[in-house]
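Notes for the structure review
Here is how the chains run, residue by residue.
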Amino acid sequence: MPISELSLSDTPVNVADRLAHFAERMPLSVAVACPGFGDAAGRNSYATCTFAELDRDATALARGLVDLGVTPCTRLALLVKPGVEFVKLVFALLRSGATTILIDPGMGKKHLVNCLAASEPEGFIAISPAQAARTLLRKRFPQAKFNVTVGRRWFWGGTTYRQLMATGATSTTRLPASRATDPAAIIFTSGSTGPPKGVLYTHQMFDTQVAEIRREYDLQPGGADLACFALFGLFNSAMGITTVFPKMDFSRPASADPRRLIAAASDWQVTQAFASPAVWDKLSTYCQQHGEQIPTLRKIFSCGAPVPAKVLQRTLACVDAYAEMHTPYGATESLPVATIAASEVLTETAELTALGAGVCVGRKFNSIDWRVIRITDEPIANIADAEALPPGEIGELIVRGPQVSPGYMGEARGASSEALVREDLTSVQRLAPSNSLAKITDGNTLWHRMGDVGYFDSQERFWYCGRKNHRIETADGTIFSVPCEEIFNTIPTVARAAVVGIGPAGDQSPVAILELFPSRGKKVTWSSSDCKEAKELAKRFPQTTTIENFLHYHQKLPVDVRHNSKINREQLAEWAVKELGEHKMQR
Ligand SMILES: Nc1ncnc2c1ncn2[C@@H]1O[C@H](COP(=O)(O)OP(=O)(O)OP(=O)(O)O)[C@@H](O)[C@H]1O
């Protein structure tokens, strides 16, 4: 059949084919490096695997899974720590045709178990403690029959990673060919605006992510990446780039020890690194205080929340003078959407951000189509019902493209997850409730509603003004969180500001909550001058002029589990209600 006659859903696509390409061209280069136990230093202390080994073992594991009975669309939860085995298993699962369920362990036990149960896994590929927990909670996972233990198997049966590898290595089973729209994974959002949502990933989404990230940032095979966000290991291996996992707790990135990150960077002479804003803040502060440098870094990425200009500046100061830093913008449902270079932020947009213009997240990726539409909390069934807004007007961002997820699963309220997994781009009628709020039909395509608000400027750059759910509807109009917060962030004593709404919808009052910088050796106290400065500043800008309540938050502001960077404004709003109710109002 000529290519032109193939529909998208017939096109064979699997991001794991990109790994096979590099295994052929650079078989002996290190694909993954992961620090061993203890404090041994230097490259020899890492567990490593080459591209050839990764490719060979991923195929063996995939055959082992298929021989176990795994078929296309079998849902398997992957609960393995970032490392060599993790990356091998991710590629094995992609090749086996299974749908991998990926969840951040940092979201806490209750959410973790609920998310897992909602996705109805047919098996667990998991380390021993997770298998033990699965066995104890077996009633919640009635369908889990394909269980593979990574590490020692105790009382729970199933097979082990080693056995799977051994049987797969001698198997000649043919692996299934995956098509572009076939499900590849269910990845959960970080749940910063409610319960985490299971996002359906197709093979096409993963493949587009890799192709677009490689093209946009001109990432070349042969480089080495310090991966402080585990999933980046997948992208790197599909680009011929060595993944270096530092020694850190990936479920609490902000707790990473800068000395360990610097050691991993130096051991592998890393050329690029990906970490959340909180990690860059901590690492760059350490480098500044201790005169450390990471001179081999050429490309630096940060994503997940706005990156303050001072963090961009400080980070660039501890790397090569020609290094670039980028802050890609996107969400689990759609990544990447837009990007901006730190150089553009520092020379142009940061100044406007400080004046309340929002945070510029840059221009769109080639493969994305985007619009800003009038804000509504109601479902929008068809694009004809969405009002597109002109540049300069704040609305909700909607996106479509090959890296955009066709829908959610896992909430499964009323709809069986089987139906959701098999859902394709045209079967919008079967969408679960959150899908109807998040998707808009346009012919046989879908737009995804980002749940983020902002506006386009005259150069079609998007200026992020926060989450739609975090906007404050007052009797006098709408207040957007991020533009206001950035105004308060310019106060030298303020470490971080959050602006939240309290009270009934439509008649909310804005409250500015400020975390102050610890002053050396002294307990941080909220002085009348701090409050006076914040109040005076608020009066100078139309965005903040109606804010009258200012509160000092005595600890670090609460943040999300995945990036430890997104402010949990819901929690702060509840706290503010209590504080103000107790007449501790600072006026
Ligand atoms: N570069 C960036 N600058 C500013 N904000 C960003 C950037 N990148 C991502 N974000 C924010 O992170 C959001 C995506 O986060 P993620 O997909 O991890 O889950 P979440 O939206 O926090 O979870 P949930 O939808 O469950 O609340 C974006 O919609 C945006 O608000």
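Everything quoted here is computed from the prediction, not taken from an experiment.

Basis of the calculations
- Residues numbered from 1 in each chain as written.
- Predicted model: local features only at pLDDT ≥ 70, side-chain atom pairs only at ≥ 80, totals over all residues.
- Buried ≥ 20, exposed ≤ 12 C-beta atoms within 10 Å, placed from the backbone.
- Helix = DSSP H or I, 4+ residues; strand = E, 2+ residues; numbered from the N terminus.
- Right-handed = clockwise from strand over helix to strand, strands pointing away.
- Arc of directions from axis to C-beta.
- Contact = placed C-beta atoms within 7 Å.
- Domains from an automatic or database assignment.
- Nonpolar A, V, L, I, M, F, W, Y, C, P; charged D, E, K, R; others polar.
- Near = placed C-beta within 6 Å.
- Axes fitted to C-alpha atoms, helices over the stretch in contact; angles between N-to-C directions.
- Parallel < 35°, antiparallel > 145°, perpendicular 65-115°, else oblique.
- Left-handed = near helix turned anticlockwise from the far one by under 90°.
- Pairing = 2+ DSSP bridges.
- pLDDT = per-residue confidence, 0-100.

Let's shift gears to the pairing of strand S12 (residues 272-275). Burial along S12 is two-sided: the face carrying Gln272 and Phe274 and the face carrying Ala273 and Ala275 are both buried. Crossover connection from S12 via helix H10 (residues 277-290) to parallel strand S13 (residues 299-302): handedness right-handed.

A few words on unusual backbone geometry. Look at the link from leucine 335 to proline 336: it is a cis peptide, with omega at -5°. In this structure, proline 336 sits in strand S16 (residues 334-339). One non-glycine residue, aspartate 218, lies in the positive phi region at around 50°. Relative to the assigned elements, aspartate 218 resides in the loop between helix H7 (203-217) and strand S10 (224-227).

Another aspect to go through is helix H4 (residues 109-118). Listed in full, the buried residues belonging to H4 are Leu112, Cys115, Leu116 and Ala118. Along the axis of H4, the buried positions cluster into a sector of 165°, meaning they face one direction only. Within H4, the exposed residues directed more than 90 degrees away from the buried face are Lys109 and Lys110. Contacts from the buried residues of H4 go to strand S3 (75-79), strand S4 (99-102), strand S8 (183-188) and strand S9 (198-202). At the exit of H4 stands glutamate 120, carrying a positive phi of roughly 45°.

Attention now moves to the domain arrangement of the chain. Here the domain parsing of the chain yields domain 1 (9-244), domain 2 (328-408 + 423-465) and domain 3 (471-581). Measuring from the centre of the C-alpha atoms in domain 2 to the corresponding centre in domain 3 gives 26 Å. Residue composition of the side of domain 2 that touches domain 3, by class: seven nonpolar, three polar and no charged.

The environment of the ligand is formed by 27 residues, the closest being Thr189, Ser192, Thr193, Ala331 and Thr332. For the shell around the ligand, the secondary-structure elements that each account for two or more residues are strand S15 (329-331), strand S17 (359-364), strand S22 (445-456) and strand S23 (462-467). Classifying every residue of the shell around the ligand gives ten nonpolar, eleven polar and six charged.

Turning to the packing of helix H1 (residues 16-25) against helix H2 (residues 51-68), a few remarks are in order. Following both chains from N to C, one finds H1 and H2 inclined at 135°, their axes separated by 8 Å at the closest point. Our classification of the angle between H1 and H2 gives oblique. Where H1 crosses over H2, the handedness of that crossing is left-handed. Facing Ala16, Leu19, Ala20, Phe22 and Ala23 of H1, the residues of H2 in contact are Phe51, Ala52, Leu54, Asp55 and Ala58.

Strand order in the open sheet formed by three strands is S26-S27-S28, with mixed pairing between adjacent strands. In the strand order of this sheet, the two ends are held by strand S26 (494-502) and strand S28 (549-553), each with one partner. Shown here is a sheet whose adjacent strand axes are inclined to one another by a mean of 25°, direction ignored. Two elements, S26 and strand S27 (residues 509-516), share eight bridges in a ladder whose sense is antiparallel. Its bridge partner lying in S27, arginine 496 is registered against glutamate 515.

For the rest of this paragraph, the subject is the confidence of the model for the chain. Detailed conclusions should not be drawn from predicted coordinates in areas where pLDDT is low. For the chain, per-residue confidence averages 90 on the pLDDT scale, and 92% of positions sit at 70 or higher. Contacts of residues 1-6 to residues separated by more than four positions or lying in other chains number two contacts, the stretch itself having pLDDT below 50. For this predicted complex, the interface score ipTM comes out at 0.96, while the overall pTM is 0.92.

Strands pair in a sheet through their backbones, by hydrogen bonds, and they do so in one of two ways: parallel or antiparallel. Strand order in the open sheet formed by seven strands is S2-S1-S11-S10-S12-S13-S14, and the pairing between neighbours is mixed. If you trace the sheet from one side to the other, it starts and ends with strand S2 (46-50) and strand S14 (324-326), each paired once. Averaged over neighbouring strand pairs, the angle between their axes works out to 15° when direction is ignored. Of the strands in this sheet, strand S1 (30-35) and S2 touch H2, which is tilted by about 80° from S2. Relative to S10, helix H9 (residues 258-267) is tilted by about 165°, and along the sheet it contacts S1, S10, strand S11 (242-244) and S12.

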